[in-house]
Amino acid sequence: MNRKLYIICTAILLTVPLVSRSEELRLTLEDAIVMARKNSVGSAVALDELRTAYWEWRTYQADRLPEIALTATAPSYSDRYSSYMDADGNYSFVRSHSLDIQSKLSVTQNIPLTGGQLRLSTTLDFLHQYGADKGNRFMTIPVALSLSQPIFGVNSLRWRGKIEPVRYSEAKVAFMSATEDVAQTTIGLFFNLILSRENLVTANLNLENARKLYSVAKEKRAMGRISNNDLLQMELNVLDAESQYTQSETTMKSNMFALRSHLNIDSDIEIYPVVPSSIPVARISYDHALSEALANNKFAYNIRRRQLEAEYEVAKAKGDMRQVNLFVQVGYTGTDNRIGEAYSRLRSNQLVEVGFSIPIVDWGKRKGKVKVAESNLRVTESRLRQEATDFRQELYVLVERYSNQGRQLENATRAYEIAKQRYDTNVQTYLIGMISTLDLNDSQQRKDESMRNYINELFLLWNYWYQIRSITLFDYQANTPIDNDVSRYIE
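Draft legend 1. Structural view of helix H2 (residues 29-39). Taken together, the buried positions of H2 are occupied by Leu 29, Ala 32, Ile 33 and Ala 36. The arc enclosing the buried residues of H2, seen along the axis, measures out at 100°, which places them on a common side. The exposed residues of H2 that point more than 90 degrees off its buried face are Val 34 and Lys 38. In this fold, the buried residues of H2 make contact with strand S1 (24-27), helix H3 (41-63), helix H4 (156-222), helix H5 (228-263) and helix H10 (437-472).

In structure tokens:
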């Protein structure tokens, strides 16, 4: 099989000009895939999406760690009138002229187990009063420990602890699959250019042959050996060949532009794609492919994440039916005209606060939200079951197509060999007048079609191969999983 591929590829390469100038590039499929993974827009987008997911993951991890914060107002200056109510309930306006400086250093820790928040803080406030009663005043809270805890609400931190690791794992394998998808896109563009170049070469050869045969036909007509109808047919063949050549040239330039753009190659470089002379060979079983896909593919993580998100919405809707929040603070505080005394003369500073919001009559609004969330969960579960079935079926069909594609390529290779030999023989036979123009035209069309079919079958084999790699993230030639260590891509 590989020997036949080598012979055919060599025959095709003989029709392609060799690289003789710096503006020409002879490109293999492997080199094109490497360049695409490095330079293509698809690779850049996949990398940016990975980095976004990475920093979202880092943000989630940071939420689980203590946060140290310094807040301050330095200064707050006031010189104005404001309303004042005395003990008798009478209002008057008094002038306020002061300088206030406030500072607070706190350490905050979220509690994933309960969904609450624990905070340790220290505070220092300074007040300077202007006017007749001018003077300084300090208030300190050397240490205060506070707890804020929802009683019945949903524990968002715990749910994030379930969802975010799955989301990040999904993003990592999605990046690896995206690099394989880039390879698939490259294969399509690469073989489009191969096919269009071969069509152009074929069109040029057909045009030369048509002109040569038309010249011979005119001589035969002059000798009365063929009819005028045959001569006109040969002239039509020349016109058709010229039209086909022009169309093939336009298509080739368009396909070359697409490949250059994808690989980020300068527009003045002429690309000559090298037809692969070998093919990937590996026995792939459906059971093994499914096992690797379920372990490595982003689809498995996507299903798990969507299931968790739907369950979270149900828990959130139930938690919103009633809200009870507990706030507790214990510590010490002191105040004095001198900062030292403000820290030494301390008194207790404690606060316990319980707030709740329980609907009395909401006409079933909150209950309706719970029912909607539960219905959405059931819909999601049904969709996930269907998607899982479709995923397995598509993978099975893909493995079967790859397994059969080797035979298809062998048939296409042999068909091209036969069609080419038949056409070469018919050209010589026509020159000695043994066959008609219809037979010659038929053999030419069969030759051209068999070449296009051969290149298409070769493309399908490579395309199926990289589709399976993308889905399973497994290298079947090396018999190892594709390296999924994405840390080297993140700066």
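Right, picking up where we left off after that structure.
Draft legend 2. Seen up close, the pairing of strand S7 (residues 323-336). The pairing of strand S5 (residues 135-150) with S7 spans 11 bridges and is classified as antiparallel. Counterpart to Ser 148 in the pairing with S7 is Phe 327. Two elements, S7 and strand S8 (residues 347-348), share two bridges in a ladder whose sense is antiparallel. When the sheet's bridge partners are listed, Thr 333 is paired in S8 with Arg 347.

Draft legend 3. Local environment of H10. Here H10 spans 52 Å end to end across 36 residues, near enough to the 52 Å set by a 1.5 Å rise per residue. Immediately beyond the C-terminal end of H10, within one or two residues, lies Leu 473, with a positive phi of roughly 50°.

Draft legend 4. View of the pattern of salt bridges. Tallied over the full model, the rule gives 18 salt bridges. Close ionic contact of Glu 417 with Arg 414 constitutes a salt bridge, the shortest N to O distance being 3.2 Å. Taken as a pair, Glu 417 and Arg 414 lie in helix H9 (residues 365-431) at a separation of three residues, close to a single helical turn. The class of Glu 417 is buried, set by a relative accessible area of 18%. The network of salt bridges with common partners includes Glu 164, Arg 167, Glu 170, Arg 305 and Glu 309.

Draft legend 5. Region of the structure containing the packing of aromatic side chains. Summed over the entire model, instances satisfying the criterion amount to 14 aromatic pairs. Aromatic side chains Tyr 77 and Tyr 130 sit 6.1 Å apart centroid to centroid with 75° between the ring planes, which places their arrangement in the edge-to-face category. Placement of Tyr 77 in strand S2 (residues 67-85) and of Tyr 130 in the loop between strand S4 (116-129) and S5 is noted, with a sequence separation of 53 residues between them. Judged by centre distance (5.1 Å) and plane angle (45°), the ring pair of Phe 126 and Phe 138 falls under tilted. Here Phe 126 is found in strand S4, whereas its partner Phe 138 is found in strand S5, with 12 residues between them in sequence. Using a relative accessible area of 15% as the deciding quantity, one classes Phe 138 as buried. Of the aromatic side chains, those joined through ring pairs into one cluster are Tyr 54, Trp 55, Trp 57, Tyr 60 and Tyr 168. We note Lys 162 situated over the ring of Trp 159; from NZ or CZ to the ring centre the distance is 4.5 Å. We note Lys 447 situated over the ring of Tyr 423; from NZ or CZ to the ring centre the distance is 4.9 Å.

Draft legend 6. Spatial organisation of unusual backbone geometry. Phi is positive for Leu 473, close to 50°, though the residue is something other than glycine. In this fold, Leu 473 is placed in the loop between H10 and strand S10 (474-475).

Draft legend 7. Here's a closer look at the side chain of Asn 206. Examined against the element boundaries, Asn 206 turns out to sit in helix H4. If sequence neighbours within four positions are ignored, Asn 206 has contacts with Ala 241, Tyr 423, Gln 444, Lys 447 and Asp 448.

Draft legend 8. Spatial organisation of a nonpolar patch on the surface. Taken together, the side chains of Ile 68, Leu 70, Leu 105, Val 107, Leu 118, Leu 120, Val 143, Leu 145, Val 330, Tyr 332 and Leu 346 make up a nonpolar region of the molecular surface, amounting to roughly 950 Å² of accessible area. Going through the elements one at a time, S2, strand S3 (91-111), S4, S5 and S7 are the ones with two or more residues in the nonpolar patch.

Draft legend 9. Spatial organisation of the side chain of Thr 186. Position of Thr 186 relative to the elements: it lies in helix H4. The contacts of Thr 186, once residues within four sequence positions are left out, are Ala 32, Ile 33, Ala 36, His 262 and Leu 263.

Draft legend 10. Geometry of the environment of Tyr 476. Here Tyr 476 is to be found in the loop between S10 and strand S11 (480-481). You can call Tyr 476 buried: its relative accessible area is 9%. Residues Tyr 476 and Thr 52, 424 residues apart in the sequence, show an inter-C-alpha distance of 31 Å. If we ignore the near neighbours within four places in the chain, the residues touching Tyr 476 are Ala 282, Ile 284, His 288, Ala 289, Trp 465 and Ile 468.

Draft legend 11. Geometry of the environment of Ala 388. Turning to its location among the elements, Ala 388 is positioned in helix H9. Taking the relative accessible area as the measure of exposure, Ala 388 reaches 14% and is therefore buried. It is 18 Å that separates the C-alpha atoms of Ala 388 and Ser 177, two residues lying 211 residues apart in sequence. When residues no more than four places from it in sequence are discounted, the contact partners of Ala 388 are Phe 299 and Ile 303.

What counts as what
Residues numbered from 1 in each chain as written. Predicted model: local features only at pLDDT ≥ 70, side-chain atom pairs only at ≥ 80, totals over all residues. Heavy atoms only, no water. Buried < 20%, exposed > 50% of the residue type's maximum accessible area, 1.4 Å probe, protein only. Helix = DSSP H or I, 4+ residues; strand = E, 2+ residues; numbered from the N terminus. Arc of directions from axis to C-beta. Contact = heavy atoms within 4.5 Å. Pairing = 2+ DSSP bridges. Expected span 1.5 Å × (residues − 1). Salt bridge = Lys/Arg side-chain N within 4 Å of Asp/Glu carboxyl O. Phe/Tyr/Trp six-rings, centres within 6.5 Å; stacked < 30°, edge-to-face > 60°. Lys NZ or Arg CZ within 6 Å of the ring centre and 35° of its normal. Patch = residues over 30% accessible without salt bridge, like charges linked within 9 Å, V, L, I, M, F, W, Y side chains within 5 Å. Areas by Shrake-Rupley, 256 points an atom, 1.4 Å probe, with all protein chains shown as cover.

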